[in-house]
Amino acid sequence: MCSWTAAESDMVVKNRLVGFLLWQSILSSLVFLVFTTVIASWRSVAAIAISFFSFHLSQLLFSVSLSTVLSTQPKFRRNLPVLLAAEAVSGYLSAVSLCGVYGRVGFNGFASGLFYAFFYIYKRRWVLQFPIIQRPPFFSFKMGIPSAITRALKLSAAAYLFSALLLVFLPHHFNTDLKLGNWFAQHIISYAVSFSMFLCWELTHHLHQVLHTRRFIFAPPKGSAAAETNPSEPLLAALEESSPTSLRKYLACLDLCMVCEKNVDYWRRAAFFEETGETYRRVAAVCLTPLEQFASKLVQDLEGSADDKAYRISDQLQSSSNPRPNSKCFELLNDFQLYTWSARAISSLTAHSRKEDRFGVAQLSGSNASVVSTLIACLLAVETLMGKKSSLQPSHQLMGSFGIKAATFSTGRRYVRTGKRRDDPLYSKAYAMADVLRTSIYCIVSAFHHEMLTSAKAGILEKDWISSDKPPFGTRELLMQKLQLFLDFQAS
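Remember, predicted model here, so these are calculated numbers, not experimental data.

1. Considering the overall build of the chain
Logical step 1: A tally of helices and strands in the chain yields 20 helices and 4 strands.
Logical step 2: Here the chain, with 492 residues, has 50% of them falling under the buried criterion.
Logical step 3: Considering only contacts within the chain whose residues lie at least 6 apart along the sequence, 80% involve residues at least 24 apart.
Logical step 4: Within the structure as shown, the chain displays about 23,800 Å² of accessible surface, and the carbon and sulfur contribution to it stands at 61%.

Right, dumping it as structure tokens:
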């Protein structure tokens, strides 16, 4: 983990790129030395030295192409076709560097690089996958080595068949007549070269993920003058000034989430509750803004789907076993990681404010009500996307202290019932999002359960815990009934 300094605040991504290239060169050297020792030990020292530098050049080309297409979202990027050319050239150079111009080794390397590029794009492996548990970089990298070796073996076999298939469509002079012994030797060497390249690429990709997704601490060193005066400014500046899809924004959200949830950086969380309340309001704003935008955009997409006559007709004609995915909803859930960090951070911070907020800034600023209202509105919107319907029930139909039944919304708006299957990718993301939101709300309810029960008995629960502003989804009455479900620990 790294600590923030004024000179490094804008160099987070660049520093990680430099570190990645340095560690990647070490991996490439190890793979090259092992292959040379086992397979190509017959070459001269001069040839090995030249091959070593050319092999590093090919791996540098591969690493730079990975960093170029790096993204936090699975959207197709315009520079992805560049990866095809870079991979093909890198594969050819790697194969020639490992074994020289021997038979069809160069062509097989070119085909392997092209095959790996198609595989990389098809699996959308350019997207950064942040781990659930943050571990030290060495331990995280070590855990991925077995899977990298297994995948390299499978890809080598698939690339071998791919290159053999390409030979069918090439001119006849590419097919050379060899003796049986030479034929076996060529294919064994070709497969060994292919496996070495795929292993190096897989280890490089894994290293790329590990180094770029590890936590960065956006704070001055503990005990410094900046830590005593305003330790939250670097983090808030990164959250407010960064692009919503940038890596710096994601790293800042990850750091905020860990500060709010864990007690390791207690001094940083205590700084959020400073006397003026300005810092707390800024933290609440950067967490609630993406959630409010998500709920509002989801409402617009659902209303648009419900008002689209052509969509309704085509949806009726389509088989229920193969529902058509909503591309707009898919795009909204591309920021799933950002939404979950925001929900977890603000819910944990609200729960900790019960004991750590000495000045009462969370309650006095009205942030508690805004947090609960936004989280419940987002949960209702996601549940509607999943096909679950809720409606506001009259008081004489309430069951116990709550009253939400499976029915249609009666809020004056029309929402389409998506009816997503459980094996639908959109349903999986929506289910995970709903689970995070539900857990976040329960985190707040568990911390303030006694206060909420007291407010409910006094008839002021809605006044204390539901914002007076119009919610991005549903109505204040519907949010109130949903909150009562959570208060009774019966929301699911």
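After that view, the rundown keeps rolling.
2. Details of helix 4 (residues 105–122)
An α-helix turns once per 3.6 residues; consequently, residues spaced three or four apart project the same way.
Logical step 1: Helix length check: helix 4, at 18 residues, gives a terminal C-alpha distance of 25 Å against a target of 26 Å (1.5 Å per residue), a fit within 8%.
Logical step 2: Of all 18 residues making up helix 4, 14 are buried, and the element is well covered by its neighbours.
Logical step 3: Positioned one or two residues after helix 4, arginine 124 has a phi angle of 55°, which is positive.

3. Overview of the state of the cysteines
One covalent bond between the sulfur atoms of two cysteine residues makes up a disulfide.
Logical step 1: Per the stated rule, a full pass over the model turns up 0 disulfides.
Logical step 2: Free cysteine: cysteine 260, not disulfide-bonded; nearest cysteine sulfur from cysteine 287 at 6.2 Å.
Logical step 3: For cysteine 260, a relative accessible area of 0% translates into the label buried.

4. Details of the environment of cysteine 443
Logical step 1: Following the sequence through the fold, cysteine 443 ends up in helix 17 (residues 425–447).
Logical step 2: Assessed through its relative accessible area of 29%, cysteine 443 is described here as partly exposed.
Logical step 3: If we skip the residues at most four places from it in the chain, cysteine 443 touches Ser347, Ser348 and Ala351.

5. Observations regarding helix 3 (residues 80–99)
Logical step 1: Relative to the 28 Å expected for 20 residues at 1.5 Å per residue, helix 3 spans 29 Å between its end C-alpha atoms, a close match to the ideal helical length.
Logical step 2: Count one or two residues on from helix 3 and you reach glycine 100, which has phi positive near 75°.

6. Side note on a nonpolar patch on the surface
Logical step 1: Taken together, the side chains of Trp23, Ile26 and Leu30 make up a nonpolar region of the molecular surface, amounting to roughly 330 Å² of accessible area.
Logical step 2: Within the element layout of this structure, tryptophan 23 appears in helix 1 (residues 12–38).
Logical step 3: A residue is classified by how much of its surface remains accessible, and tryptophan 23, at 51% relative accessible area, is exposed.

7. Quick word on the pattern of salt bridges
Side-chain pairing between opposite charges can occur once the charged atoms of the two side chains come close.
Logical step 1: In this structure the tally under the stated criterion is 15 salt bridges.
Logical step 2: For the salt bridge of arginine 282 with glutamate 233, the shortest nitrogen-to-oxygen distance reads 3.2 Å. Of this pair, arginine 282 sits in helix 11 (residues 278–307) while glutamate 233 sits in helix 8 (residues 233–241), and the two are 49 residues apart along the sequence.
Logical step 3: Exposure remark for glutamate 233: the relative accessible area of 30% places this residue in the partly exposed category.
Logical step 4: Three or more residues are tied together by salt bridges with common partners; here these are Arg215, Asp255, Asp265 and Arg268.

8. So, unusual backbone geometry
Logical step 1: The residue arginine 124 is not glycine, and still its phi comes out positive at about 55°.
Logical step 2: Summarising the element assignment, arginine 124 is placed in the loop between helix 4 and helix 5 (137–168).
Logical step 3: Judged by its relative accessible area of 46%, arginine 124 falls in the partly exposed class.
Logical step 4: Look at phenylalanine 489: it is not a glycine, yet its phi comes out positive at around 55°.
Logical step 5: Of note, phenylalanine 489 is situated in the segment after helix 20 (476–487).
Logical step 6: Since its relative accessible area comes to 43%, phenylalanine 489 is described here as partly exposed.

9. Let's talk about the packing of aromatic side chains
Logical step 1: Counted according to the given criterion, the structure contains 21 aromatic pairs.
Logical step 2: Between the aromatic rings of tyrosine 116 and tyrosine 120, the centroid separation amounts to 6.0 Å while the plane-to-plane angle is 45°, which identifies the pairing as tilted. Pair noted here: tyrosine 116 and tyrosine 120 are both in helix 4, with a separation of 4 residues, about one helical turn. The same class applies to tyrosine 116 as to tyrosine 120, namely buried.
Logical step 3: Arranged with centres 5.7 Å apart and planes meeting at 0°, the rings of tyrosine 442 and phenylalanine 489 form a pair that is stacked. With tyrosine 442 in helix 17 and phenylalanine 489 in the segment after helix 20, the pair connects residues that are 47 residues apart, well separated along the chain.
Logical step 4: Through successive ring pairs, a cluster of aromatic residues spans Phe62, Tyr116, Phe119, Tyr120, Phe198 and Trp201.

10. Section: the nonpolar core
Logical step 1: Core analysis: the biggest nonpolar cluster contains 84 residues, and Leu256, Phe294, Met452 and Leu483 have the highest contact counts within it.
Logical step 2: Aside from chain neighbours lying at most four places away, what touches phenylalanine 294 is Leu332, Leu333, Tyr339, Cys378, Val382 and Met433.
Logical step 3: In this structure, Cys99, Val105, Met197 and Leu199 belong to the second largest nonpolar core, which totals 38 residues.

The rules behind these values
Residues numbered from 1 in each chain as written. Predicted model: local features only at pLDDT ≥ 70, side-chain atom pairs only at ≥ 80, totals over all residues. Heavy atoms only, no water. Helix = DSSP H or I, 4+ residues; strand = E, 2+ residues; numbered from the N terminus. Buried < 20%, exposed > 50% of the residue type's maximum accessible area, 1.4 Å probe, protein only. Contact = heavy atoms within 4.5 Å. Areas by Shrake-Rupley, 256 points an atom, 1.4 Å probe, with all protein chains shown as cover. Expected span 1.5 Å × (residues − 1). Disulfide = S-S within 2.5 Å. Patch = residues over 30% accessible without salt bridge, like charges linked within 9 Å, V, L, I, M, F, W, Y side chains within 5 Å. Salt bridge = Lys/Arg side-chain N within 4 Å of Asp/Glu carboxyl O. Phe/Tyr/Trp six-rings, centres within 6.5 Å; stacked < 30°, edge-to-face > 60°. Core = buried A, V, L, I, M, F, W, Y, C linked by side-chain atoms within 4.5 Å.

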